Amino acid sequence: MTKERRAPLDRTRVADTALKLLNEVGLDGLTLRAIAKELDVKAPALYWHFKDKQALLDEMATQMYRRMVAGAALDAGDTWQERLLKSNRGLRAALLGYRDGARVFSGSRFTSLVHVEAMEDNLRLFTSAGFTLAQAVRASSTTYLYTLGFVIEEQGVEPLPGERREGYDIDERARLMADFPLSAAAGAEIFADYERHFEEGLGLVIAGIEARYAPLQGRGELRDQPPLGRSRTQT
């Protein structure tokens, strides 16, 4: 009897298996031992490819990004505001496709230059609109960090779409906070309707970027605004 040939063990196969297992066990349950069992190999075999769990998370984040951008062409006609909206909506949707997806992505380092083409295009779009390179980086990273943080909190309540963690009953929360009516009513604005709240928050961040780096009248460049709460005459 011939044994069925298995695909060779490589970094991509391990990362793909880990992403599949992630939806079942979550990040805390995702151990190299569990992945090795799923792959039907001994755990030490994985250390040939990944020195530790963080190295594996880096590869998983890279694979998540590859899947996110596959077939998603950038629109050369985008304004910088449209590009920020599209890219951050896409990022949130991609992260929500995995249990603890935002936690995996957060703090991870890409293991290849898979992101550089889009990054270069985005920076070119911003600098063509009058941003300095520093302003372009700040605008992009601020919206990225907003989205990442939002999804981390969202998945803390709803690990996967349609799945809600115990302890986040809004009516029960309101009952316990009955003596604090505003805080009680705020529950629905914090722990529900994440789609609407994400869009509203992202719009606020983009509006803030526009206000902070407001265009000069009749010129294609942007100026730095003084920090909030300070006038130009203050030192």
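Residues numbered from 1 in each chain as written. Predicted model: local features only at pLDDT ≥ 70, side-chain atom pairs only at ≥ 80, totals over all residues. Heavy atoms only, no water.

**Student:** Please give an account of the overall build of the protein that cites residues and values.
**Tutor:** Secondary structure summary: the protein contains 11 helices and zero strands in total. Each helix and strand of the protein, ordered N terminal to C terminal, gives the series α-α-α-α-α-α-α-α-α-α-α. Residue burial in the protein is summarised as follows: out of 235 residues, 35% are buried. Residue pairs in contact within the protein that sit at least 24 positions apart in sequence constitute 67% of those at least 6 positions apart. A total accessible area of about 14500 Å² is found for the protein, and carbon and sulfur atoms account for 56% of it. (Helix = DSSP H or I, 4+ residues; strand = E, 2+ residues; numbered from the N terminus. Buried < 20%, exposed > 50% of the residue type's maximum accessible area, 1.4 Å probe, protein only. Contact = heavy atoms within 4.5 Å. Areas by Shrake-Rupley, 256 points an atom, 1.4 Å probe, with all protein chains shown as cover.)

**Student:** Describe in detail the confidence of the model for the protein, supporting the description with residues and values.
**Tutor:** Per-residue confidence for the protein gives a mean pLDDT of 88, with 88% of residues at or over 70. Contacts from residues 216-220, a stretch scored under 50 in pLDDT, to residues over four places away or in other chains number four contacts. (pLDDT = per-residue confidence, 0-100.)

**Student:** Describe the nonpolar core, and please don't skip the residues or the numbers.
**Tutor:** Membership of the largest hydrophobic core comes to 32 residues, with the highest contact counts inside it found for Leu22, Ile35, Leu56, Met60, Leu95 and Phe105. At the level of secondary structure, the elements contributing two or more residues to this core comprise helix H1 (11-29), helix H2 (32-39), helix H3 (53-69), helix H4 (80-95), helix H5 (101-105) and helix H7 (133-157). With near-sequence residues (within four places) excluded, leucine 56 lies in contact with Val14, Ala15, Ala18, Leu32, Ile35 and Phe50. In terms of nonpolar packing, the next biggest core, distinct from the first, is built from 17 residues, Leu84, Phe131, Phe150 and Val205 among them. (Core = buried A, V, L, I, M, F, W, Y, C linked by side-chain atoms within 4.5 Å.)

**Student:** Just give me the short version of the side chain of glutamate 154, but keep the residues and values in it.
**Tutor:** With respect to the secondary-structure elements, glutamate 154 resides in helix H7. Classification of glutamate 154 by relative accessible area gives buried; the value is 5%. In terms of polar contacts, glutamate 154 uses its side chain to reach the side chain of arginine 92, at 2.9 Å. Once residues within four sequence positions are removed from consideration, glutamate 154 is found in contact with Arg92, Leu96 and Tyr194. (Polar contact = N/O pair within 3.5 Å; in protein donor to acceptor, adjacent residues only side chain to side chain.)

**Student:** Explain the packing of H4 against H7 residue by residue, including any values.
**Tutor:** Their axes nearest at 10 Å, the elements H4 and H7 cross at an angle of 30 degrees. Looking at the two axes, H4 sits roughly parallel to H7. Of the two possible hands of crossing, H4 and H7 adopt the one that is right-handed. Where H4 abuts H7, its residues Leu84, Asn88, Leu91, Arg92 and Leu95 lie against Ala139, Ser140, Thr143, Tyr144, Thr147, Leu148, Phe150, Val151, Glu154 and Gln155. The residue inventory of the contact of H4 with H7, partitioned by class, reads eight nonpolar, five polar and two charged. (Axes fitted to C-alpha atoms, helices over the stretch in contact; angles between N-to-C directions. Parallel < 35°, antiparallel > 145°, perpendicular 65-115°, else oblique. Left-handed = near helix turned anticlockwise from the far one by under 90°. Nonpolar A, V, L, I, M, F, W, Y, C, P; charged D, E, K, R; others polar.)

**Student:** Which residues make up the environment of glycine 77, and what values go with them?
**Tutor:** Here glycine 77 shows up in the loop between H3 and H4. A C-alpha to C-alpha distance of 9.6 Å links glycine 77 and leucine 125, two positions 48 residues apart in sequence.

**Student:** Go over helix H6 (residues 116-128), please, and point to the residues and values.
**Tutor:** With 13 residues, H6 extends 18 Å from end C-alpha to end C-alpha; this agrees with the ideal 18 Å at 1.5 Å per step. Residues of H6 that are buried: Ala118, Asn122, Leu123, Leu125 and Phe126. An end-on view of H6 places all buried positions within 155 degrees of arc, on one side of the element. In H6, the exposed residues that point more than 90 degrees away from the buried face are Glu117 and Ser128. (Expected span 1.5 Å × (residues − 1). Arc of directions from axis to C-beta.)

**Student:** Describe unusual backbone geometry, naming the residues involved and giving the relevant values.
**Tutor:** The phi torsion of most residues other than glycine is negative, and most of the peptide bonds are trans. For aspartate 40, which is not a glycine, the phi torsion comes out positive at approximately 60 degrees. Locating aspartate 40 in the fold gives a position in the loop between H2 and H3. Of the residues examined, aspartate 40 reaches a relative accessible area of 58% and is grouped as exposed. Backbone geometry at aspartate 193 places phi at a positive 55 degrees, although glycine is not the residue there. As for its placement among the helices and strands, aspartate 193 is situated in the loop between helix H10 (187-190) and helix H11 (194-212).

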